Amino acid sequence: MLRVSTSSTLYQSPLGIEIPVSFEIVRKSEEYLDTKSGKVKKRSPKTKNEMLRDQLFVLVKYNRVPFRYVVWDTWFSAQKQFRTLPVGKVLYWCHKEQP
């Protein structure tokens, strides 16, 4: 079985066109012992939150992607993520999926 985890960011233009603007493969290169199962498992040296902050930093600082708001899952709604985005220029909205 092959499992590929990714972290990506899409830009949606005012015309509704969606363009991928960042993409990162999650590399699970660190091994650790899971205390519950007693099995050796793998994890990424970077968390998903760290990947998101890095992507947002590059998109804002270097790529200067024009955007008015960001939509993300509540998983990413930590204070550090909010501090990554420009103050006063972004409407923050966290979407929570309904079961």
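Data block above holds the structure.
Model, not experiment: these values are computed from the prediction.

A. Seen up close, the pairing of strand β1 (residues 6–12). On β1, burial follows the alternation: Ser7, Thr9 and Tyr11 on one face are buried, whereas Thr6, Ser8, Leu10 and Gln12 on the facing-out side are not. Two strands pair when backbone bridges link them, and β1 and strand β2 (residues 18–25) are joined in this way by 7 bridges, in the antiparallel orientation. Paired with Leu10 across the strands is Pro20, a residue of β2. Connecting β1 to the next strand, β2, in antiparallel fashion are 5 residues, including Gly16 with a positive phi near 90°.

B. Broad picture of helix α1 (residues 48–61). For α1, which comprises 14 residues, the first-to-last C-alpha distance of 20 Å matches the rise-based estimate of 20 Å (1.5 Å per residue) to within 8%. For α1, the complete set of buried residues consists of Met51, Leu52, Arg53, Gln55, Leu56 and Leu59. Where α1 is buried, its residues meet β1, β2, β5 (69–73) and α2 (79–84).

Parameters at a glance
Residues numbered from 1 in each chain as written. Predicted model: local features only at pLDDT ≥ 70, side-chain atom pairs only at ≥ 80, totals over all residues. Heavy atoms only, no water. Buried < 20%, exposed > 50% of the residue type's maximum accessible area, 1.4 Å probe, protein only. Helix = DSSP H or I, 4+ residues; strand = E, 2+ residues; numbered from the N terminus. Pairing = 2+ DSSP bridges. Expected span 1.5 Å × (residues − 1). Contact = heavy atoms within 4.5 Å.

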